[in-house]
Each structure stands twice: as C-alpha cells, then as structure tokens.
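Descriptive structure summary
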Amino acid sequence: MVILIITVGGFVYNRNSNAKTAYHAEGSAGNIAGTTIVVSLFADDTESKWDSTEDAEKISNINNYLAIAGDYLENVVASYNKSADFITDFTTNTDLKYSMAFDKKITDQDYIDNGECDTVVWNFIDKNIDEDALKQKYNADNIVYMVFVDSDESNTAITCTRSWYEGMESDDEIVYLFNIDSQCLNGPAVYAHEILHTFGAPDLYVEDSLYNITSDFLNYVNESMSNDLMLTCSDATTGDYLYDSINNEVGEVTAYFLGLVDSSKIVDQWNLVIPETY
C-alpha cells in the first residue's frame, strides 16, 4: 500500500499512495535552485466563472502577486548562495495562462481531499499543454501548476498543494489557490508558501509524523522561528496579509528541506527527518 500526501492549509491527508521525499524531490518541481516556470490555470466550476472583463483587476492582481512571490523566492535562494529564476508573468508570456473547468464545486473540500480534482487537472494538462516545449522554450528545470479559483467569502475550502509522491499518476505538482479562503484575500506570501510545498517544504504549524514534527518542536518554532514563511504568511507586526511585499523569513529548517543547505543544527537537535518513500 502507498500513501498520498496533500498539504491542505498545513494538514496532511494520507491516502493510497507513496510519501513525498522532500530533499531534491522528484516531480515537476525538483530542485528550487534552478529555473521554474509557473503555469496558471484559471478554473471555472459549477459555482464560479472567470470573466476576462469583469475580473480583469483580480487577474492582474494575481499576476502581480505571482511576480512578488517569484522575486521573493529568488532572493531566498540567493541568500543561501544559490541561484533561482521564477518565470511567472502570464500577461507577457501568454503560453503560461490557460482556462479550464471542473464539472463539480471545487470549493467542496472533499473533492480536493479525495483527489478527483487532480485527475481533472492532469487530464487537462495532458491534452492542452506541451510541457517539454515549454521547458525548452524557457530553459526551465521545474514546472509548478497554479489552479486559481474565483472564490468569495462563502468559501469553506482551504488553499492547498498536491505535492509529488513516488507512484503518483502524474509528475505534475499542483497548487489550488482560492482567491479568498477563511474570509481573507490571499496575497503573495500565501503564493510563495504554497510554491515552497511543491519543492518539499513542510508546514511548521502542525504536527507531522512523517517529518517528526512534534508539538514540542512546534512550541520551539513559535518561540524562536515565529516569522518563518512555513509557519505564517502574515505580517509579523500587524498580523495581516501584505499585498505589495513579503516580509517573512525562510530559515535553516525550511532551507534544509528545500535542499538549500546540507545540514542544520536545529534539524539535528529536534531529530527532524526527510520522509523516506515506502
């Protein structure tokens, strides 16, 4: 039996598939120290539809938030003496933006948790996107798929990431980004947080036996790493989301799981582990 892992607002759901190996994970997002193209899929469902005219400002904001997230991640990687390039602009690069549709309500959390929506996205990608051509055009090492849903304040589903695991039906890693969840408009820090999941970074605010993240370690994180992006996406001073910048940090623990550093005293101190496939 294999275990499937999807990070949903920090919670890990295990289903019949294999565990993701965080460090230099395989899948469409492998090594963050490289060139990554972000492909944006604007998804309609039975309750919401994107309108290029009425939603023009929202779509423009999303493109801007992606740019801020990409620039931030490039700077994070550079701070660890490595290099990354995130290509996100779907206005200039029109082949990085697509429209698709679900025949169910995607804001139904069960639809996400049981993986049905993944199959819809993978089928769309297979039929409409030439990944090899895109990677060749942009000289890219990685592809991350962002599925944008025009949710409103009534949305009860949570922005989440489908990360690669050994034996998955597709190598493609998907972020389901709800425009609004928990009655908050998601901003650039949320985008960056979710993208880091595709490269193997775990949440630092929920216990996770796969990484040996315990309640005691979480207490340490809150006391000593309170501004880490994998703990919080909010501004440390106001507690609110920012929409023009990201001021959270990516510390050595997250850097270790991303493969940006080879060792970490904190990882060793708390016996954190990289999940083994099984």
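My aim in this report is to walk through the structure given alongside it, one point at a time.

So, how was this worked out
Residues numbered from 1 in each chain as written. Predicted model: local features only at pLDDT ≥ 70, side-chain atom pairs only at ≥ 80, totals over all residues. Heavy atoms only, no water. Phe/Tyr/Trp six-rings, centres within 6.5 Å; stacked < 30°, edge-to-face > 60°. Helix = DSSP H or I, 4+ residues; strand = E, 2+ residues; numbered from the N terminus. Buried < 20%, exposed > 50% of the residue type's maximum accessible area, 1.4 Å probe, protein only. 1 Å grid on protein atoms, 1.4 Å probe; cavity = no way out; pocket = protein on both sides within 12 Å on 5 of 7 lines; lining within 4 Å. Points joined across faces, edges and corners; volume = space filled by probe spheres on them. Nonpolar A, V, L, I, M, F, W, Y, C, P; charged D, E, K, R; others polar. Salt bridge = Lys/Arg side-chain N within 4 Å of Asp/Glu carboxyl O. Disulfide = S-S within 2.5 Å. Core = buried A, V, L, I, M, F, W, Y, C linked by side-chain atoms within 4.5 Å. Contact = heavy atoms within 4.5 Å. Pairing = 2+ DSSP bridges.

Let's talk about the packing of aromatic side chains
On inspection of all chains with the given rule, the structure shows 14 aromatic pairs. Where Phe42 meets Phe90, the ring centres are 5.4 Å apart and the plane angle is 80°; that geometry is what we call edge-to-face. In this pair, Phe42 is assigned in strand S3 (residues 35-44) and Phe90 in the loop between strand S4 (85-87) and strand S5 (97-101), connecting sequence segments 48 residues apart. The same class applies to Phe42 as to Phe90, namely buried. Through a chain of ring-to-ring contacts, three or more aromatic side chains come together here, namely Phe42, Trp50, Tyr65, Phe90, Phe148, Tyr191 and Tyr243.

Side note on the layout of surface pockets
If you add up the space inside the second largest pocket, you get close to 180 Å³. Lining the second largest pocket, in full, are Asp45, Glu47, Ser48, Lys105, Thr107, Val149, Asp150, Ser151, Asp152, Ser154, Asn155 and Thr156. Looking at the lining of the second largest pocket residue by residue, the classes come out as one nonpolar, six polar and five charged.

Some words on the pattern of salt bridges
Counted by the stated rule, this structure contains five salt bridges. The partner of Glu116 in a salt bridge is Lys104, with the nearest N and O atoms 2.7 Å apart. Here Glu116, found in helix H3 (residues 116-128), pairs with Lys104, found in the loop between S5 and helix H2 (109-113); they are 12 residues apart in sequence, far enough to count as distant. Accessibility expressed as a relative area gives 35% for Glu116, which makes it partly exposed. Assessed through its relative accessible area of 37%, Lys104 is described here as partly exposed. We note a salt bridge from Arg162 to Asp118, for which the minimum N-O separation is 2.3 Å. Placement of the pair is Arg162 in strand S7 (residues 160-162) and Asp118 in helix H3, with a sequence separation of 44 residues. In the salt-bridge network here, residues are joined through shared partners; they are Asp55, Lys58 and Asp150.

With respect to the state of the cysteines
Per the stated rule, a full pass over the model turns up zero disulfides. Between Cys160, a cysteine without a disulfide, and Cys117, which holds the nearest cysteine sulfur, the sulfur-to-sulfur distance is 7.0 Å.

Concerning the nonpolar core
In this structure, Leu41, Phe102 and Met146 are the most contacted members of the largest nonpolar core, which totals 91 residues. No other element matches the 10 residues that helix H1 (residues 56-79) contributes to this core. If we ignore the near neighbours within four places in the chain, the residues touching Leu41 are Tyr98, Met100, Val121, Phe124, Ile129, Tyr145, Met146, Val147 and Phe148.

Observations regarding the pairing of S5
The two faces of S5 differ: Tyr98 and Met100 on one face are buried, but Lys97, Ser99 and Ala101 on the other face are not. For S3 and S5, the ladder comprises five bridges, and the chain directions are parallel. When the sheet's bridge partners are listed, Ala43 is paired in S5 with Met100.

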